[in-house]
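The residues making up each chain are set out below.
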Amino acid sequence: MITPVQSNDVLLADIERSRDEDAGFRLWWLGQSGFLVQHRGRHLLLDPYLSDSLTIKYATTDKPHVRMTERVIDPGRLDMVDVATSSHNHTDHLDAETLRPLRAANPGLELVIPEANRAFVAGRLGCDPAWPRGLTAGETVSVAGFTFHGVPAAHNALDVDEAGRHLYMGFVVSFGPYTIYHSGDTLLYEGMEEILSAFDIDVALLPINGNRPERRVAGNLDGVEAARLARAIGAKTVVPCHYEMFEFNTASPALFVETCEALGQHHAVLKAGEKFVASH
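Model, not experiment: these values are computed from the prediction.

Enquirer: I tried to follow the overall build of the protein chain on my own but got confused; where do I start?
Expert: When you go through the protein chain residue by residue, the secondary structure sums to 7 helices and 13 strands. The C-alpha atoms of the protein chain give 17 Å as radius of gyration, which agrees with the globular expectation for 280 residues (19 Å, within 12%). Within the span of the protein chain, comprising 280 residues, buried residues form 56% of the whole. Taking contacts inside the protein chain between residues at least 6 apart in sequence as the whole, the part at least 24 apart equals 66%. Accessible surface computed for the protein chain: about 11200 Å², of which carbon and sulfur atoms make up 50%. For the protein chain, the distance from the average site of its 24 positive side-chain charges to the average site of its 37 negative ones is 3 Å.

Enquirer: How should the layout of surface pockets be read in this particular structure?
Expert: Empty space among the atoms becomes apparent when a probe as large as a water molecule is rolled across them. Of the volumes computed, that of the largest pocket is approximately 340 Å³. Residue composition of the lining of the largest pocket, by class: 7 nonpolar, 9 polar and 5 charged.

Enquirer: Looking at this model, I keep getting lost on the sheet that holds strand E10 (residues 178–182). Mind explaining?
Expert: Pairing between the strands of a sheet is mediated by backbone hydrogen bonds and can be parallel or antiparallel. If you trace the 6 strands from one edge of the open sheet to the other, you get E7-E8-E9-E10-E11-E12, paired in mixed fashion. Looking at strand neighbours, the two that pair on one side only are strand E7 (140–143) and strand E12 (237–241), the edges of this open sheet. Strand-to-strand, the axes of this sheet are offset by a mean angle of 20°, without reference to chain direction. Judged from the 4 bridges that link them, E7 and strand E8 (residues 146–152) form a sheet pairing that is antiparallel. Of the residues in E8, the one forming a bridge with Ser142 is Thr147. Sheet strands in contact with helix H6 (residues 223–233) are E10, strand E11 (203–207) and E12, and its direction is about 155° off that of E11.

Enquirer: What's the story with unusual backbone geometry in this structure? I'm lost.
Expert: Most peptide bonds take the trans configuration, and most residues that are not glycine carry a negative phi. Each neighbour pair has its own omega, and for His155 with Asn156 the value is -5°, a cis peptide bond. Its location among the elements puts Asn156 in the loop between E8 and strand E9 (169–175). Within the chain, Ala144 stands out as a residue other than glycine whose phi angle is a positive 55°. Tracing the chain through its elements places Ala144 in the loop between E7 and E8. Unusually for a residue other than glycine, His242 sits at a positive phi of about 60°. Exposure remark for His242: the relative accessible area of 2% places this residue in the buried category.

Enquirer: Which parts of the structure should I look at to understand the pairing of strand E2 (residues 34–39)?
Expert: Every other side chain in a regular strand lies on the same face of the sheet, so the side chains alternate between the two faces. In terms of burial, E2 is largely enclosed, as 6 of its 6 residues are buried. In E2, alternate side chains face the same way, and those of Gly34, Leu36 and Gln38 on one face and Phe35, Val37 and His39 on the other are all buried. In terms of strand pairing, strand E1 (residues 25–31) meets E2 through 5 bridges, oriented antiparallel. Residue Arg26 lies in a different strand from E2, and its bridge partner there is Gln38. If you look at the hairpin formed by E1 and E2, you'll find 2 residues sitting between the two strands, and Gln32 has a positive phi there, around 55°. Pairing between E2 and strand E3 (residues 42–46): 5 bridges, direction antiparallel.

About the cut-offs
- Residues numbered from 1 in each chain as written.
- Predicted model: local features only at pLDDT ≥ 70, side-chain atom pairs only at ≥ 80, totals over all residues.
- Heavy atoms only, no water.
- Helix = DSSP H or I, 4+ residues; strand = E, 2+ residues; numbered from the N terminus.
- Rg over C-alpha atoms; globule rule 2.2 N^0.38 Å.
- Buried < 20%, exposed > 50% of the residue type's maximum accessible area, 1.4 Å probe, protein only.
- Contact = heavy atoms within 4.5 Å.
- Areas by Shrake-Rupley, 256 points an atom, 1.4 Å probe, with all protein chains shown as cover.
- Lys, Arg positive; Asp, Glu negative; His and termini not counted.
- Charge placed at Lys NZ, Arg CZ, Asp CG, Glu CD.
- 1 Å grid on protein atoms, 1.4 Å probe; cavity = no way out; pocket = protein on both sides within 12 Å on 5 of 7 lines; lining within 4 Å.
- Points joined across faces, edges and corners; volume = space filled by probe spheres on them.
- Nonpolar A, V, L, I, M, F, W, Y, C, P; charged D, E, K, R; others polar.
- Pairing = 2+ DSSP bridges.
- Axes fitted to C-alpha atoms, helices over the stretch in contact; angles between N-to-C directions.

This is the structure:
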């Protein structure tokens with residue numbers, strides 16, 4: 001099993017030590033699509049999956065979710081989080097065993113979700129349906145110093161509810177002079193580059209595990225597509241994610257790196273628990 005470069009007490013010490021750094025912002029990859037963002041003492045947790053709920057759920061099925069990387073941290077120990085996100089309803093992006101202890105550790109926690117998923121989120125988390133902050137594509141909401149812009153995601157299609165609201169979304173997040181894009185789970189779709197090019201994106205966080213029907217799960221960008229998308233939208237840096245969590249649904253970042261280098265696209269490949277520092 002892959003050992004994170006930082007975990008538990010060491011990770012917490014790094015987060016705390018970094019609070020005093022004024023320049024830029026910092027983010028830590030927590031595995032799968034989960035990232036912790038720190039800026040001016042505020043903390044944003046993007047799509048965290050910090051449990052073994054899927055491994056346990058599928059252990060006796062024909063689609064076992066065998067974990068590849070050790071858990072970075074118990075979510076109940078992340079007691080500095082101001083706001084978290086869930087880009088869609090799949091458990092590795094909306095995990096009750098992560099979000100319930102996280103909320104218990106952070107009584108003032110806010111949660112940003114696609115508005116279309118409000119009832120489902122409330123049912124899974126056992127929370128008041130009014131608690132999450134809902135977004136639809138094209139809408140904006142500001143929470144705890146972070147401004148979220150809703151962007152459609154295709155997983156595998158641009159699915160909407162009866163009101164036309166997207167079930168799968170990405171978030172462009174602005175804070176101070178910085179902007180990041182967390183795509184959630186997505187494939188490429190018509191108009192995607194135009195939507196994202198309107199933002200001055202410092203860091204794009206993109207999946208690279210690809211879209212293989214034999215896995216019997218919805219797919220994502222592969223490494224080549226992620227690198228090309230980052231280049232097309234003018235992202236200053238691209239960071240890959242959604243790999244090295246489950247044995248049946250992963251990919252090597254090698255082709256992503258090779259494509260970025262061929263395109264002249266700045267990139268950073270992180271290990272679980274590793275910190276990335278960005279500044280203008």
